[in-house]
Amino acid sequence: MGGKMEETLIRFVRAELLGDASRELSADDALFADGMVDFLAVTRLVDFIETEFRVSVATGDVTPENFESVTAVAQYVRALQTDSAGLTTAQELLWTSQQRHPDEPLYNAPYLFIIEGQLDEPAFAAAFGRLIEDADILRTVVASEDGVPRQAVLTSIEYQLPVLDLSGTADATAAALAWAQDQCLRPLDIGRASFESALLRLGTDRFAWYFNHHHIVADALAVGLLYDRLGALYSDIRAGGSGKLDDLPSFANYVSTEEAAHASAASLPSDVGKSRVALSMYGGRAAGSSPENERISLETSADRSRALRELAGAPGVRALTPDLSMFQVLATALFTHLHRVSGQTTVTIGVPVHNRTTAELRKTPGLFMEVYPLEVVVEDGDTFSTLH
């Protein structure tokens with residue numbers, strides 16, 4: 001009995017190589033018997049395998065032993081897939097949530113960078129191609145076999161950076177924002193590629209770089225690292241390509257390290273799976289959800305900003321760093337507000353942490369950020385000082 005992979009291969013061989021989707025073919029039938037499949041067809045089969053199962057087939061592996069039957073091909077592909085890895089804890093959370101809403105772009109993370117000044121478009125495209133080669137997260141794909149997610153770093157990804165000319169529009173910047181907004185609402189197929197990108201021409205000396213990735217491979221700090229790397233690669237190409245850039249650390253190495261750590265870790269605390277009650281704001285709950293977010297900015301006066309900084313630096317309030325001090329002040333205000341509008345005494349918020357604990361990890365593009373629960377129980381008589 002064959003599995004899903006064998007069934008997929010049989011359907012392809014019948015329909016695409018034999019030209020007869022109804023032809024009898026078992027997983028153990030010899031593909032080369034009586035000229036059933038020739039080596040030209042094997043080339044097409046290799047292309048299908050690499051695309052469908054996200055593996056890289058070496059030329060030396062294309063042998064009669066590996067391709068003598070569908071069973072042999074499936075065994076060979078599964079051997080290649082053993083080089084894949086599981087997901088990190090942060091990735092598993094995103095993967096699980098995405099599976100509940102497979103057609104929603106819940107974890108698309110789009111950016112639109114405005115570039116002022118002259119730009120060498122071919123050099124920029126070449127730099128992006130080298131960025132894909134340098135950063136393994138851009139060659140990472142995630143797929144599941146029988147419901148179990150695995151990630152693999154492909155040897156290469158063929159990606160031609162598209163260039164869109166919006167310079168003829170009345171408001172090129174608005175047109176670029178509208179295009180990016182529409183584009184980023186399309187779900188990414190992370191089984192084939194974890195990102196999409198484009199260069200938008202807004203004028204002779206104004207451009208925009210659109211970069212959208214699935215959050216499962218990168219966090220915001222990683223995008224900053226990719227941005228800096230792209231700039232360095234562009235400068236190197238413009239200078240003749242003679243410079244030697246340091247290798248980017250591999251996120252795949254971190255994945256392996258976390259897997260090993262989990263294998264030897266003690267059991268999780270007993271309250272990890274504790275159910276928490278969702279907040280009921282102003283006596284009601286949201287009627288639905290949407291993948292679109294609206295960013296709301298609130299400007300504070302100079303006097304209020306100064307007062308907040310002074311409070312964050314006061315004895316008994318000041319924490320290890322100014323940023324942490326300000327976070328604690330604002331978090332306390334948020335807890336107070338949520339308690340008042342919900343009436344709940346136990347309030348939990350998700351707090352993102354960068355999770356890059358070493359200098360090497362701070363230079364590594366990838367998804368390290370995790371969200372930890374921060375919970376406060378508000379009691380009668382609590383004040384700002386006691387909640388803080």
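About the thresholds
- Residues numbered from 1 in each chain as written.
- Predicted model: local features only at pLDDT ≥ 70, side-chain atom pairs only at ≥ 80, totals over all residues.
- Heavy atoms only, no water.
- Salt bridge = Lys/Arg side-chain N within 4 Å of Asp/Glu carboxyl O.
- Helix = DSSP H or I, 4+ residues; strand = E, 2+ residues; numbered from the N terminus.
- Axes fitted to C-alpha atoms, helices over the stretch in contact; angles between N-to-C directions.
- Parallel < 35°, antiparallel > 145°, perpendicular 65-115°, else oblique.
- Contact = heavy atoms within 4.5 Å.
- Nonpolar A, V, L, I, M, F, W, Y, C, P; charged D, E, K, R; others polar.
- Buried < 20%, exposed > 50% of the residue type's maximum accessible area, 1.4 Å probe, protein only.
- Lys, Arg positive; Asp, Glu negative; His and termini not counted.
- Polar contact = N/O pair within 3.5 Å; in protein donor to acceptor, adjacent residues only side chain to side chain.
- Patch = residues over 30% accessible without salt bridge, like charges linked within 9 Å, V, L, I, M, F, W, Y side chains within 5 Å.
- Areas by Shrake-Rupley, 256 points an atom, 1.4 Å probe, with all protein chains shown as cover.
- Left-handed = near helix turned anticlockwise from the far one by under 90°.
- Expected span 1.5 Å × (residues − 1).
- Arc of directions from axis to C-beta.
- Phe/Tyr/Trp six-rings, centres within 6.5 Å; stacked < 30°, edge-to-face > 60°.
- Pairing = 2+ DSSP bridges.

Here the focus is the pattern of salt bridges. Evaluation of the coordinates by the stated rule reveals 12 salt bridges. As a salt-bridge pair, D120 and R238 come within 2.9 Å of each other at their nearest N and O atoms. With D120 in the loop between β1 (108-116) and α6 (121-134) and R238 in helix α8 (residues 220-238), this residue pair connects regions lying 118 residues apart in the sequence. Close ionic contact of R186 with D182 constitutes a salt bridge, the shortest N to O distance being 3.0 Å.

This part takes up the packing of helix α10 (residues 302-312) against helix α11 (residues 322-342). Here α10 crosses α11 at 105°, and the two axes come no closer than 9 Å. Between α10 and α11, the angle is such that the two are roughly perpendicular. Contacts between α10 and α11 involve L308, R309, L311 and A312 on the former and, on the latter, S325, M326 and V329. Among the residues making up the contact of α10 with α11, the classes are represented as five nonpolar, one polar and one charged.

Okay, the side chain of R139 next. With respect to the helices and strands, the residue R139 is situated in the loop between α6 and β2 (140-145). Notably, R139 is buried but unbridged: the nearest opposite-charge side chain belongs to D136, and the N-O separation is 5.9 Å. At 2.9 Å, the side chain of R139 forms a polar contact with the backbone oxygen of I132. Separated by 3.1 Å, the side chain of R139 and the backbone oxygen of E133 make a polar contact. Excluding residues within four positions of it along the chain, R139 makes contact with I132, E133, A152, V153, L154, T155, S156 and I157.

All right, on to a nonpolar patch on the surface then. On the surface, L320, L324, F327 and L374 cluster together to form a nonpolar patch covering roughly 380 Å² of accessible area. For L374, the position within the fold is in strand β8 (residues 370-377). Judged by relative accessible area, L374 falls into the partly exposed class, the value being 34%.

Two elements in contact, α6 and α8, have axes whose closest approach is 8 Å; the angle formed by their N-to-C orientations is 125°. In terms of orientation, α6 lies oblique with respect to α8. Classified by chirality, the crossing of α8 by α6 is right-handed. When α6 is examined against α8, the residues A123, F124, A126, A127, F128, R130, L131 and D134 are found in contact with a partner set consisting of L226, R229, L230, L233, Y234, D236, I237 and R238. Tallied by class, the residues present in the contact of α6 with α8 amount to 11 nonpolar, no polar and five charged.

Next up on the list: helix α7 (residues 172-183). If you check α7, its first and last C-alpha atoms are 16 Å apart, about what 12 residues at 1.5 Å a residue would give, namely 16 Å. Residues of α7 that are buried: A172, A176, A180 and Q183. The buried residues of α7 all sit within an arc of 70° when viewed along its axis, so they share a single face. The secondary structure elements touched by the buried residues of α7 are β1, β5 (195-203) and β6 (206-214).

Throughout the structure, instances matching the rule amount to 19 aromatic pairs. Both rings, one in Y254 and one in F368, keep their centres 4.6 Å apart while their planes meet at 55°; by these two values the pair is tilted. Linking Y254 in helix α9 (residues 251-263) with F368 in the loop between β7 (346-353) and β8, this pair joins segments that are 114 residues apart in sequence. A residue is classified by how much of its surface remains accessible, and Y254, at 15% relative accessible area, is buried. A relative accessible area of 1% means that F368 is categorised as buried. Cluster of aromatic residues (ring-pair linked, three or more members): Y111, F113, F124, F128, Y159, F195, W209, F211, Y227 and Y234.

Moving on to the sheet that holds strand β4 (residues 163-165). Taken in spatial order, the four strands make up an open sheet running β1-β6-β5-β4, and their pairing is mixed. The sheet is open, and its two edges are formed by β1 and β4, each paired on a single side. Going across the sheet, the axis of each strand differs from the next one's by a mean of 20°, ignoring polarity. Here β5 runs beside β6; their pairing, made up of eight bridges, is antiparallel. Among the inter-strand pairings, R201 is bridged to a residue of β6, identified as F207. Docked against the sheet, α7 engages β1, β4, β5 and β6, running at close to 165° with respect to β5.

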